[in-house]
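# Structure at a glance
Now for the letters of each chain:
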Amino acid sequence: MISRLGTIMVLGLAAAAGCAAASSDDASAEDEVRPAERVIIGRAKPYSPDRTLDAKSELLASSQKARREVAWKALAKILADTRVAEGEAKVDDKRVKLPAFRTWYQKDDFERMFARAYEGHGAAARKARKPLAAAKIDEAFDWNATDRGSWSEEQYFERVKQADTRTEAQGLGGNSRVSYSTGMVRHVMKNWASLSRCARGEVADVPDQEPAKASNFSTCLDDEFPKDAAVVKASWLRADFGLGVPVRPTTPEALKERLSGAKDDGGWGKGTGQDGVVDATPSADAIYTVKMSDGSSFRMPALHLVTKELREWLWISIWWSPEPDTDFGADRPEAIAKLGGPWKNYKMCVVTAYEENDPDPTGGFPTGPGSLGDALAAVHGGVGAPSWCSNQHIERGAKNAQTNCIGCHQHAGTDLRSETVLADPVRFPEAGRTKVRKNFPADYLFAASAPPESLAQTIQTQVAHYDSVDR
Amino acid sequence: MRLSLLVASLPLAVAVAACSVSDDASTDESFQTEEELATRALQVLGAQRIEGAQQQCNKCHDINRKSLRVWESQYKGALANLNDPNKTPRKKLDAFRIDPGNNRTPYSPQRLGFLAAGIHLADLPESKQIGDLFKRSYGATRGAEEYRKLRDAARMPISPEHDRLSRSEFSVVKTWIDKGLPKLDELLPESVRPTSCETRISPALEAHVRAMKTKGWAARNKDQQVPMFACSTTNDPTKCFDQKADDGKDVFAEVETVAYARTWKAAGSKMRLLHEMAHSTSFWSRNSADGRFVSSGGGEDGAFVVDFAKQLETRGKEHREIGVSASYDPSFMPDNSGLLIQGSGTHFCTQDLFTNAATTSVSFDEPQCSSLNNVALYQSVGRRLADNELSDYFIVNNSFESDDGYGSDPEPSFGEDQKIQIKVMVSLGTEGGYTIGQQGEVDAPWEGDTMMSPSTQLVASRISGEDKQEGYSIRLIKSSMGDSGYTFQAENVGTFCVPGGKANFSFDERYIVTHHYLTREDFASDAEYAPYKGSSAADIYVIDLLTGENIRVTRMAPGQLALFPHFRSDGWLYFIVRDRNTDKELYVASDVVLGRE
C-alpha cells in the first residue's frame, strides 16, 4: 500500500546559495559517479581555455555584447558531446555520448583519487607535508579511470547494458552538484598541504591584507588556479512524484521588482506555489534529464560554469525556460543551437568583474517586448555600479536575485556564510556585490571549503587519519 | 450487569506532562455491558480491529491480546510493589528502575505496565502514592525532582508529539484492566501464533548476500576509500587498533590484558576496549560507518556522541564527548554522511558537525542540522544504492518492545495485523534537500522490532510466538520506482531460530548481530548457570545469513552485559558493555567476522 504524505518537512534544506556555495547544504555528499561509471566514462575531457581572455578583461568588463559572446563560446565547449570510453555503452547502436562537462570529475572521484595518491605518498612524505609528485597524481587519475572497484566484470557489463536509453545513458554522469575540470582537480591535489592548513583553521583571515605575492592572491593555495581550471555547479530537480520545475519570469518588469527588493525581499522566492511562479513539467527532450540506475529521474534546470580564463574568473550561468528565445536567450548563437538536444532552451547571464562598465545599458542589443536589450537594461545600474548575474534555481534566500557571483565568491575559503554577506549591507554593500577584500583565500572557489563539497575537508580527513596512524 | 464509571469532576491542578492533556474533567461514561467497556477501552488504546479506534498507543505498539496481557501483568506487578508492606519507600521506587539493584539506572515503563499511561495525571491515586513515596524517600525538593525523572522516563506515550490519555480515557482503561480484561478474546480474535521455528535460508537470500559482497555499502565505502577509524592501511581491516601509547601499551587494550574483561572474547582473534564512559548510557548505541563515532542516549544533554579519534590522536590521554540535546535512538547513515537521532522530534545532522573539533555540544540549531517530522521511535535507516548522489533514504518503523539494557530479552507481543512502515526520505534535488514524501506499508504478521539493512533491501524482525520469541524473520524488500513513487513488496526469505533483541545488519549484509540476555538454556548445566541466576548478563551473537551459523561473540561474567552491537563498514563489530561488577560502561570492538570466507 502506498500513501502519499506530501511534503512534511524538508531535511537538509540548502539555505541561500550562489552566493550559494558558502551556505549550509545538507544534501549528502555521497558518490554519484562510482568506479564502474567512471570506467565507462573514462578520463574527463579537459577544459580547453582561451588563453587570450585575460588580455581582454577590460573589454569584457565594458561590453556586455563581447562578454556574452565569450560566455556562449565557453558554454559551447562544455556542452558539446564527447564519446564515453566504454565501446559497449550504446544507445540505438551508437556509442554513448555525454556533454563534455558531464565527464568531469566529481567529489567522489576526488575522494578516491586523493585517497589513492595520499596513501601512496608514504608516511615520510605525508609527515613532511611534501607535495604530491606529478607522476603520483597521474597514476591516481589513470587508476580512477580504469579500476571498477569491487564490481565483477559481469556486474560492470550489466551496468553498461542497463544504460540503454538516452536519459539512462546521461545518468552515467551522475547527478552531482559540482563537477571539476582536470586542471582544477590536479591543482587541488597539488595544494593538499596548504588546503589542509586552511581546513584546520591555521590560516588567519585578514581581508585587507595585501597578497604575499603579486601573482597569488589566495592564502589557502600555493598558487592560483591554472587557466584550464573550470568548475560547473548544476542544479538538479527530482522529476518523479509528479514534481515539476518552478519557472519565474526574467522579464524586465519582473527583474526590476526583485532588484528593488519589492518582491520576495530581493530573492527568487521559495518557488512552487509562490506568487508569479508556475511549475512546468518539460519532457526529457526539452530539458536536460537523467535517469539514475535506481530508477529515479532528475531534471537539470540550471548550471553555473566558472572558468579561470580570467584572473578573477569568468562567471556564466544558464537556466531553463519555457520561452527560451526571449530576454536572456535572445542572442543564443547558432553554435549552441547546433548542439541539439535541450540546450536551445536555456538562457544565460555572465559576469567578468565586480563592476558594470558598459555605458550602454542595453549592451547594444535590440529592445522591445521580450528583448535582451530591455532585460539587460533592467539589471544595469549604470557605469561603475555592481554587475549582475543571478540564477533563479541556484541562488536562494533574500537579496540573492540581486547578486553577481563574484561578489560572494570573493569570500571563498573564509567562515563567512552567504546569509551573513547578504544580510549585512554595511560590511557587504549592494547585496555583497562590491569588492571588499584584498586577498582571496580559496581563489574564489567555494567548493574548496564550503559544504557540501568541502574539498579541503576531504583532504583534511585523510591527513588527520594518517596523522593519527603514521607513527 | 450495568457498569458505571464516573470520573470525578476535579480540575487538573498540576500539568505534569510535557504535552497538554485534552481532558474532559467531568466525563461520565457508563457502560451497559462488559463488552461495551472493553470496546471503549480498546478504542482508547487504539486496537485497529475495533471500529472507532483512536491513534494512541498503536503509533508505537501493536494492541493485541498478548501485548495487553503483558501490560496487564506489568501493571499488576507495579500495584503489588506499591502496596507491598514489607518494602521501604525507597525500595519500592527502585523497583521501577531498569535495574532495581542499581539506583543509577533510569526508571522504566516496563515496571509500570498500564500505569505508564496514567502517571502524567497528578490526581490519580497511584500518582499521588508514588509522589508520596518520593517525598518520603528524598525529601520534598529532591523528591519532586526524582518524581519528574520517573515521569519523564516512564510515562507513555513518551513522545511529546503523541497525545496522552485524558483522565476519563485512562479511567476507562483502568477499570477494564482491574476487571481482568473481560471480553478481550472475543473482541480481538486472532489466529494461532507461531509455536515453533525452523531455520530457513532461501535462494533469494543467498543471492542477495552474494550480490551485496560487491555492491553493498561495505563495498561502496571501500571503493570510496573511506578511512576506517584506527586502521593504518586503507581497506585492510586486519591492520586496525594496533596503535601504541607513549609507554608502549596499546591505546586500545586487548581484553585479555584487562582483569575484568579477560574472559569476554568467545570468538574472533581480537577484541579491544575502545572507550570507558564517564557516565551511564541509556537505550541503544550505534556507531558511524567509519567507526570513528558512537552515539547513545545518556549524559547531561540527554544523548551524546563520542569521537574516538581524540583518544587516538592523544594516544589515550584525552577523550572527546559531544553532548547532544536529544534522548535516544541514534542512527548513523550507511554512507558515513550523518546522524539521525530522536528526542523532542527527530533530528538529522551531517557528520562534519562532529568531525569539527570545535563542536562541543549539539542543540540542533547548527546549520548542519535539520528536523524531520513523523518519524517514530526505534527507527532504522538505509540508503538506496545507485549511481546517484541524491538517492533516497528509507526509514523503517514497526511496533517495538523497549529494551532497557538489563534483565531479559523483551518478550515480543506483536500481533497478526503487524505492518512494517517504510517512510521514504525523498530527494527533491540539489536545492531542495530531502522530505518525507511517501509512506508505504507491508504486512508482517507476528513480527516487530524491525531493523533495516544499510541498502534498504532486507529487514530483520523478531517473531512473536505463543509464549516466547520464535527467532528472526528476514524479509527482502523490493522497491520499484513508478510515476507516483515506490511500490513495495516484502517477501520472507529467511528464518533464524535464535533468541535476542533487535538485530542489526553488517554493511555487507551477510550477518545480523544482536545481544541476548542469558537464561538457563544458554548453559550446559545448572551448576554453570548458578552464578548468573540473580545477576543479569548478556552476550553478543552473530548469525551468518549464508550458513545459518550462530556465533557467540562474547562470554560475559555474571553482572556483565554486552549490549547493542552494531557493525562498522569494514566488518569490525562494536558493542557496549555494562559491567555492574566494576560499575563501568565501555565500548568494545571485535573482529569476529573478519576473514570468514
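Everything numeric here is computed off the predicted structure, so don't read it as measured data. (Residues numbered from 1 in each chain as written. Chains lettered and ligands numbered in written order. Predicted model: local features only at pLDDT ≥ 70, side-chain atom pairs only at ≥ 80, totals over all residues.)

### A few points about the overall build of chain A
Applied cut-off: Each helix is a run of H or I in the DSSP string that is no shorter than four residues. Each strand is a run of E no shorter than two, and both are numbered from the N terminus. Only C-alpha atoms enter the radius of gyration; for comparison, a globular chain is expected to reach 2.2 Å times N to the power 0.38, where N is the number of residues. Once C-beta atoms are placed from the backbone, each residue is buried if 20 or more other C-beta atoms lie within 10 Å of its own, exposed if 12 or fewer, and partly exposed for counts between those two. Note on contacts: each residue gets a C-beta atom placed from the backbone, and two residues are in contact if those atoms are within 7 Å.
Helix and strand content of chain A: 17 helices and 14 strands. Over its C-alpha atoms chain A spans a radius of gyration of 22 Å, differing by no more than 12% from the 23 Å that the globule rule assigns to 471 residues. The buried share of chain A, taken over its 471 residues, is 57%. In chain A, the share of contacts with a sequence separation of at least 24, taken over all contacts with a separation of at least 6, comes to 77%.

### Examining the overall build of chain B
Counting its regular elements, chain B contains 12 helices and 28 strands. Over its C-alpha atoms chain B spans a radius of gyration of 24 Å, differing by no more than 12% from the 25 Å that the globule rule assigns to 597 residues. Considering only C-alpha atoms, chain B reaches an extent of 75 × 60 × 55 Å along its principal axes. Counting only residues that meet the buried cut, chain B has 55% of its 597 residues in that class. For chain B, contacts bridging at least 24 residues in sequence account for 59% of all contacts bridging at least 6.

### Some remarks on the environment of D123 of chain B
Mapped onto the elements of the fold, D123 of chain B is located in the loop between α3 (89-94) and α4 (125-138). For the pair D123 of chain B and R167 of chain B, spaced 44 residues apart in the sequence, the C-alpha separation amounts to 9.1 Å.

### Some remarks on helix α1 (residues 34-45) of chain B
Residue and element names in this part refer to chain B. Put simply, the rule reads: Expected span, for any helix, means 1.5 Å times one less than how many residues it has.
With 12 residues, α1 ought to run about 16 Å at 1.5 Å a step, and its terminal C-alpha atoms sit 16 Å apart, in line with that. Those residues of α1 that fall on the buried side of the exposure criterion are L37, A38, T39, R40, A41, L42, V44 and L45. Of the residues trailing α1, G46 is marked for its positive phi of about 95°.

### Side note on the packing of helix α10 (residues 192-199) of chain A against helix α17 (residues 455-469) of chain A
In a pair of packed helices, the angle between the axes and the distance between the axes together describe the arrangement. Residues and elements named next belong to chain A. Spelled out, the test is: Simply put, an axis is a line fit to the C-alpha atoms, just over the touching stretch for a helix, and the angle between two N-to-C directions goes from 0 to 180 degrees. Small angles under 35 degrees read as roughly parallel and large ones over 145 as roughly antiparallel, with 65 to 115 read as roughly perpendicular and the rest as oblique. Residue polarity follows a fixed list, in which Ala, Val, Leu, Ile, Met, Phe, Trp, Tyr, Cys and Pro are nonpolar, Asp, Glu, Lys and Arg are charged, and the others, Gly among them, are polar.
Interaxial distance between α10 and α17 falls to 8 Å at its minimum, and their mutual angle equals 95°. The orientation of α10 relative to α17 falls into the category roughly perpendicular. Together, W192, L195, S196, C198 and A199 of α10 and A456, Q457, I459, Q460 and V463 of α17 make up the contact between the two elements. Along the lines of polarity and charge, the residues of the contact of α10 with α17 split into seven nonpolar, three polar and no charged.

### Some words on the environment of P189 of chain B
Mapped onto the secondary structure, P189 of chain B falls in the loop between α7 (184-187) and β3 (200-201). For P189 of chain B, a count of 9 C-beta atoms within 10 Å corresponds to the exposed category.

### Points about the interface of chain B and chain A
Quite often, the size of an interface is put as the accessible area lost when its parts meet. Listed as interface residues are 57 residues of chain B and, on the opposing side, 68 residues of chain A. For the side of chain B that touches chain A, the leading source of residues is strand β17 (residues 433-443) of chain B, giving nine residues.

### Thoughts on the packing of α1 of chain B against helix α6 (residues 167-178) of chain B
Residues and elements named next belong to chain B. Stated precisely, the cut-off is as follows: Should the near helix be turned counterclockwise from the far one by less than a right angle, the crossing is left-handed, whereas a clockwise turn marks it as right-handed.
One way to put it is that α1 packs onto α6 with a least axis distance of 9 Å and a crossing angle of 125°. Judged by the angle between their axes, α1 and α6 are oblique. Viewed along their axes, α1 and α6 form a crossing whose handedness is left-handed. Along its contact with α1, which presents L37, A38, R40, A41, V44 and L45, the element α6 presents E169, V172, V173, T175 and W176. Looking at the contact of α1 with α6, its residues break down into eight nonpolar, one polar and two charged.

### A closer look at helix α4 (residues 107-121) of chain A
Residues and elements named next belong to chain A. The terminal C-alpha atoms of α4, which comprises 15 residues, lie 20 Å apart, in line with the 21 Å expected from a rise of 1.5 Å per residue. Of all 15 residues in α4, 13 are buried, a share of seventy percent or more. Just downstream of α4, G122 is the residue with a positive phi angle, here 90°.

### Details of the nonpolar core
Put simply, the rule is: Remark: nonpolar core denotes a set of buried Ala, Val, Leu, Ile, Met, Phe, Trp, Tyr and Cys residues whose joining runs through C-beta atoms within 7 Å.
Within the largest apolar cluster, 233 residues are counted, with the highest numbers of intra-cluster contacts made by L75, L195, W315 and A448 of chain A together with L573 and F575 of chain B. Residues in contact with L573 of chain B, not counting those within four places in the same chain, are V513, V553, P565, F567, A589, S590, V592 and V593 of chain B. By size, the runner-up hydrophobic cluster in this structure holds 40 residues, among which are A47, L112, Y147 and L188 of chain B.

### A look at the domain arrangement of chain B
Residue and element names in this part refer to chain B. This is how the line gets drawn: The split of the chain into domains comes from an automatic or database domain assignment.
By the assigned domains, chain B splits into domain 1 (3-187) and domain 2 (200-590). Using only C-alpha atoms to locate each centre, domain 1 and domain 2 end up separated by 31 Å. On the side of domain 2, 20 residues touch domain 1, which itself brings 21 residues to the contact. Classifying every residue of the side of domain 1 that touches domain 2 gives six nonpolar, nine polar and six charged.

### Some points on the confidence of the model for chain B
All names here are of chain B. Let me state the cut-off plainly: Each residue carries a pLDDT score, the predictor's confidence in it, ranging from 0 to 100.
Residues of chain B with pLDDT of at least 70 account for 95%, and the chain-wide mean is 89. For the stretch residues 1-28, pLDDT sits under 50, and the model shows 49 contacts to residues farther than four places along the chain or on other chains. For this predicted complex, the interface confidence reaches an ipTM of 0.81, while the overall pTM sits at 0.85.

### With respect to the sheet that holds strand β12 (residues 361-362) of chain B
Through backbone hydrogen bonds, the strands of a sheet pair up, either in parallel or in antiparallel fashion. Residues and elements named next belong to chain B. Short version of the rule: Each pair of strands is called paired provided DSSP finds at least two bridges between the two strands.
Across the sheet, which stays open at both edges, the five strands sit in the order β5-β6-β7-β8-β12 with mixed pairing between neighbours. Each edge of the open sheet is held by one strand with a lone partner, namely β5 (281-287) and β12. Here β5 runs beside strand β6 (residues 293-298); their pairing, made up of five bridges, is antiparallel. Bridge pairing in β6 links S282 to G297.

### Side note on the environment of G413 of chain A
Looking at where G413 of chain A falls in the secondary structure, it is placed in the loop between α14 (406-409) and α15 (418-423). A sequence separation of 218 residues divides G413 of chain A from L195 of chain A, and the C-alpha atoms of the two residues are 9.3 Å apart.

### Comments concerning the pairing of strand β16 (residues 419-429) of chain B
Residue and element names in this part refer to chain B. When you tally the buried positions in β16, you get 10 out of 11 residues, the bulk of the element. Pairing of strand β15 (residues 393-397) with β16 involves five bridges; the strand directions are antiparallel. Counterpart to I395 in the pairing with β16 is K423. Note: β16 against β17, 10 bridges, orientation antiparallel. When the bridges of β17 are listed, V426 appears paired with T435. Adjacent in sequence and paired antiparallel, β16 and β17 are bridged by three residues.

### A word on the sheet that holds strand β11 (residues 346-350) of chain B
Residues and elements named next belong to chain B. Across the sheet, which stays open at both edges, the four strands sit in the order β9-β10-β11-β13 with antiparallel pairing between neighbours. The open sheet has two edge strands, β9 (328-332) and β13 (369-372), and neither has a second partner. Adjacent strand axes in the sheet meet at a mean angle of 20° when their direction is disregarded. Bridging between β9 and strand β10 (residues 338-342) involves three bridges; their strand directions are antiparallel. In the strand pairing of β10, Y328 is matched with Q342.

### Some remarks on unusual backbone geometry
Note the cis peptide between P451 of chain A and P452 of chain A, where omega equals 5°. Looking at the secondary structure, you find P452 of chain A in the loop between α16 (429-432) and α17. Here M156 of chain B and P157 of chain B are connected by a cis peptide whose omega angle stands at -5°. Tracing the backbone shows P157 of chain B in the loop between α5 (140-154) and α6. For R315 of chain B, which is not a glycine, the phi torsion comes out positive at approximately 55°.

### Section: the confidence of the model for chain A
All names here are of chain A. A residue-level look at chain A finds 93% of positions with pLDDT of 70 or above and a mean pLDDT of 91. Confidence over residues 1-18 falls short of pLDDT 50; this stretch has 77 contacts with residues more than four positions distant or in other chains. Within the model, the stretch residues 21-31 combines pLDDT values under 50 with 51 contacts to residues more than four positions away or in other chains.

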